[in-house]
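Coordinates in review
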Amino acid sequence: MKDTALVVVDMLYDFIDGSLACQGADEAVKNTRDYIEQSKIYPILFVRDHHPANHSSFFAQGGPWPPHCVQGTHGADIHVDLAPYASDDLTFFKGEDVDVEQYSGFEGLNPAGQSMREVLELMEISTVVICGIATEFCVFNTSRDLLGAGFKVIVKKDCLAWVDAEGHVKALKGMEALGIRVE
Ligand code: VGL
Ligand code: ZN
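A few points on the structure. (Residues numbered from 1 in each chain as written. Chains lettered and ligands numbered in written order. Predicted model: local features only at pLDDT ≥ 70, side-chain atom pairs only at ≥ 80, totals over all residues. Heavy atoms only, no water.)

**A short note on the pairing of strand β2 (residues 44–49)**
As a reminder, the rule being used: Relative accessibility decides the category of a residue: with a 1.4 Å probe and only protein chains considered, values under 20% of the type maximum give buried, values over 50% give exposed, and everything between is partly exposed. Strands here are runs of E lasting at least two residues and helices are runs of H or I lasting at least four, both read from the DSSP assignment and numbered beginning at the N terminus. When DSSP locates at least two bridges between a pair of strands, those strands are taken to pair.
Counting buried residues in β2 gives six out of six residues, a clear majority hidden from the surface. With burial as the criterion, each face of β2 is covered, one bearing I44, F46 and R48 and the other bearing L45, V47 and D49. Pairing geometry for strand β1 (residues 4–9) and β2, over four bridges, is parallel. Bridging from a neighbouring strand, V7 pairs with L45 of β2. Here β2 pairs with strand β3 (residues 91–94) via four bridges, running parallel. Paired with V47 across the strands is F92, a residue of β3.

Now the structure itself:
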């Protein structure tokens, strides 16, 4: 599977057992780790929501979310079971601009300032497998943008967690309707 990469989206403590804990998160982390070990899939890219403490998406600024994934806090860290697979070059940060909501990991940049598209193209990746949190937000937007950029996209159903069960099901249907494989 040399032309295939895995993208792990926002498997960060605040989305797992923190301020924005999502349904199914523990199972999603475990299943993602099992998938990595069993499939030996490589390369593995990580997306990290990474907000300043006064981000516009937080309640105090009139946004829809509790404070989460604040830069430098435990809640912004990748789960310990997945962190060993992460490398700087293949980690893409989003949500760093105080005024901008970024649900799509495709808009993230690595520490060298490279976009996900740039890095995937350099590695000659044509198919992307997606695991992550939350189905309705970051997973949906990241998958849609990767598909729009010409990649084949496969979403791993057992490796997702969600804010709202109905929203999760609706997002899965929406992704399938776009031409994303959900398996
Ligand atoms: C996300 C809510 C707020 C996500 C990010 O990555 O799904 N959801 N910020
Ligand atoms: Zn966020």
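There's plenty left to go through after this.
**Describing the coordination of the zinc ion (ligand 2)**
Spelled out, the test is: Coordination here is defined by N, O and S atoms within 2.8 Å of the metal (3.2 Å for Na, K and Ca), and since water is not considered, a site can look incomplete. Donor angles set the geometry label: tetrahedral for four donors if every angle is between 85 and 135 degrees, square planar for four and octahedral for six if opposite donors exceed 155 degrees and the others are between 65 and 115, irregular for anything else.
Distances from the zinc ion (ligand 2) to its protein donors, namely D49 (OD), H51 (NE2) and H68 (NE2), fall within the range 2.0 to 2.2 Å. For the zinc ion (ligand 2), the four donor atoms are set out with angles of 86 to 169 degrees between them, so the coordination reads as irregular. All donors to the zinc ion (ligand 2) come from one chain, and their sequence spacing reads D-x1-H-x16-H. Residue D49 is classed as buried on the basis of its relative accessible area of 3%. The buried category is assigned to H51, whose relative accessible area is 0%.

**Some remarks on the sheet that holds β2**
Keep this limit in mind: Contacts are residue-level and defined by heavy atoms, with any inter-residue pair within 4.5 Å sufficient. All axes here are fitted lines through C-alpha atoms, helices being fitted over the stretch that makes contact, and every angle between N-to-C directions spans 0 to 180 degrees.
If you walk across this open sheet you meet the six strands as β3-β2-β1-β4-β5-β6, and the pairing is parallel. Strand pairing shows two members of the sheet lacking a second neighbour, β3 and β6 (181–182), which therefore form its edges. The sheet contact formed by strand β4 (residues 127–133) and strand β5 (residues 152–161) spans six bridges and is parallel. Each bridged residue has a counterpart across the sheet, and for I133 the counterpart in β5 is A161. Where helix α5 (residues 165–178) meets the sheet, it contacts β5 and β6, and its direction lies at approximately 165 degrees from that of β5.

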